[in-house]
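In case you want the letters, here they are:
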Amino acid sequence: MTKRKPLSILIASLFLATPAAAQGINWQDPLAPYLPAGWITEGEFTVGPIFSNINSDDPSKAIEYRDLDDGALSNILLRGRSASGQWYDFRGENFGREDMYMNLRGGQYDAWKGRLYWDWIPHERGINMRTPLLDAPSADLRNRFPQANPDTWAQFNYGYQRKDLGGYFEWQRNSPWYFRVDANSVSYDGIKVGAAAQGTSPGNGYIDLPIPIDYRTNNASFEAGYATSKYQLSFAYTYSKFDNSNETMTWSNPYFNNGVDTTWLPPDNDYQRIALNGSVRQLPFASTLAARVTWDKLESDASLATTALNTGGVFGNTNPHESDFNGKVENTTASIALTSAPWKGGDTRLYANYYDK
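Predicted, not measured: the structure shown is a model, and the values here were computed from it.

J.: Describe the overall build of the chain, with residues and values.
T.: Each helix and strand counted, the chain has zero helices and 17 strands in total. Here the chain holds 357 residues, and the buried ones make up 32% of them. Long-range contacts, defined here as pairs at least 24 residues apart, represent 58% of the contacts in the chain between residues at least 6 apart. Of the roughly 21,900 Å² of accessible surface on the chain, 55% is carried by carbon and sulfur atoms.

J.: Give me the environment of S335: which residues, what numbers.
T.: Assignment of secondary structure puts S335 in strand β16 (residues 324–343). Overall, the relative accessible area of 27% leaves S335 in the partly exposed class. C-alpha of S335 to C-alpha of V293: the two residues are 42 residues apart in sequence and 6.6 Å apart in space.

J.: Give a description of the pairing of strand β10 (residues 206–227) that names residues and reports values.
T.: Pairing of strand β9 (residues 177–197) with β10, which is carried by 21 bridges, proceeds in the antiparallel orientation. Counted as the bridge partner of R180 is E223 from β10. Judged from the 13 bridges that link them, β10 and strand β11 (residues 231–244) form a sheet pairing that is antiparallel. From the neighbouring strand, E223 faces β11, where its bridge partner is A236. Counting the residues in the hairpin turn of β10 and β11 gives three residues.

J.: Run through the pairing of strand β17 (residues 346–356), naming residues and quoting values.
T.: Within a regular beta strand, the side chains point alternately toward one face of the sheet and then the other, so they alternate between its two faces. Where burial is concerned, little of β17 is hidden: one out of the 11 residues are buried. Alignment of β16 against β17, held across 10 bridges, turns out to be antiparallel. Paired with T332 across the bridge in β17 is D356.

J.: Describe a nonpolar patch on the surface, listing the residues and the values that go with them.
T.: On the surface, a cluster of nonpolar side chains totalling about 380 Å² of accessible area is made up of V181, F222, F235, L276 and V293. Within the fold, F222 resides in strand β10.

J.: Can you lay out the pattern of salt bridges for me, pointing to particular residues and giving the numbers?
T.: Evaluated as defined, the whole model comprises 12 salt bridges. The closest approach of N and O atoms between R180 and D182, which form a salt bridge, is 2.8 Å. Taking the relative accessible area as the measure of exposure, R180 reaches 24% and is therefore partly exposed. Owing to a relative accessible area of 24%, D182 belongs among the partly exposed residues under this scheme.

J.: I'd like a rundown of the environment of T318, residues and numbers included.
T.: Its location among the elements puts T318 in the loop between β15 (287–303) and β16. Note on T318: relative accessible area 38%, which makes it partly exposed.

J.: Lay out the sheet that holds strand β13 (residues 259–264) in plain terms, naming residues and giving numbers.
T.: If you walk across this open sheet you meet the three strands as β7-β12-β13, and the pairing is mixed. Either end of the sheet is taken by a strand with one partner, and the two such strands are β7 (140–141) and β13. Where β7 lies against strand β12 (residues 248–253), two bridges are found, and the strand directions are parallel. Note that in β12 the partner of D140 across the bridge is T250.

J.: Before we move on, could you go through the environment of F285 and cite the residues and values that matter?
T.: Looking at where F285 falls in the secondary structure, it is placed in the loop between β14 (269–283) and β15. On a C-alpha basis, the gap between F285 and T339 in space is 9.3 Å, while along the polypeptide they are 54 residues apart. Among residues more than four places away in sequence, those in contact with F285 are S340, A341 and P342.

J.: Tell me about the nonpolar core, residues and numbers included.
T.: Of all hydrophobic cores here, the largest spans 12 residues; its members are L133, A136, A139, L141, F145, A196, I207, L209, I211, M249, W251 and L265. For this core, the secondary structure elements donating two or more residues are β10 and β12. Apart from the residues within four sequence positions on either side, A136 is in contact with T131, L141, Q155 and P210. Counting five residues, the second-largest nonpolar core is a separate cluster that includes I50, I63, L68 and I127.

J.: Describe the packing of aromatic side chains, with residues and values.
T.: Inspection of the entire model under this criterion finds 10 aromatic pairs. A centroid spacing of 5.9 Å and a plane angle of 55° characterise the contact between W118 and W120, whose relative ring orientation is tilted. Among the residues examined, W118 registers a relative accessible area of 31% and is labelled partly exposed. Each ring, one from F169 and one from F179, has its centre 6.2 Å from the other, and the planes form 50°; the classification is tilted.

Conventions used here
- Residues numbered from 1 in each chain as written.
- Predicted model: local features only at pLDDT ≥ 70, side-chain atom pairs only at ≥ 80, totals over all residues.
- Heavy atoms only, no water.
- Helix = DSSP H or I, 4+ residues; strand = E, 2+ residues; numbered from the N terminus.
- Buried < 20%, exposed > 50% of the residue type's maximum accessible area, 1.4 Å probe, protein only.
- Contact = heavy atoms within 4.5 Å.
- Areas by Shrake-Rupley, 256 points an atom, 1.4 Å probe, with all protein chains shown as cover.
- Pairing = 2+ DSSP bridges.
- Patch = residues over 30% accessible without salt bridge, like charges linked within 9 Å, V, L, I, M, F, W, Y side chains within 5 Å.
- Salt bridge = Lys/Arg side-chain N within 4 Å of Asp/Glu carboxyl O.
- Core = buried A, V, L, I, M, F, W, Y, C linked by side-chain atoms within 4.5 Å.
- Phe/Tyr/Trp six-rings, centres within 6.5 Å; stacked < 30°, edge-to-face > 60°.

Structure follows, in structure tokens:
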């Protein structure tokens, strides 16, 4: 049973705000020297201190998705519009903290628009947790067992920091033609808890491992098309790459006299996808003809374990037929559908689907 203690959080904020530009007021834009003539901007800036006092054996729930460390809170909001139809919106908060967020959007009406953002989110699961395996956090954990005194164990925080940086750009000036580019990079850094078998039988027991997280996923996509009230055609390509800086971790196995064992972690992988979409509306009998073709491929390569347990030769070689796993999955799909309303209150649909894996 967990003993609960009172939780108290005190947040004090001092707010400083700039005057907002009301409609019809000829307000001098502070960015005027750097922007074309005719811009009007309104904005707000707030800053203040934060103090927190969390009285708990494990304060992770209070700070699971937010940064409550003593320091400063800040917030910026800016909006700008020009006589030529250009615009921007900027919002930022908690600068320099673990839950920082920034978002900049802008564009020109009926021409183009874009966005840049930076989003940090902490995810604390446990504070000052203990493991008999030293050197945590690390991908190489060692100790000499038995270790009956928990005071000698290593301490670590169970959780991770997620950071997402990305944006997009879309061009619409040459209507009905358009194109759009999206990209973002998502990283995870921290510790998660997993378990590994100490022997080949469930009766040999398991040991919890503080597994290091150092993931990064980079995504990019491109879409171009033609769109009117009657015709629609688009082409889209997506690429995603996942990288793990630690594909294996080693640890001292107490069941096999402190022999070094290996746990296999997620391997790198690459993903690609192509999609073609098209439709024709306003056909006889209020019909619409739509078709779609997609292709995607997921690939992952990883070295295979050469022993059942890497414990200094306790078990012999596994002798895999291949030294590496070369994974590849491809999917191809196609579909076509004709929907109609030949009479009032009646609908029909003819369609065909194809799938190959």
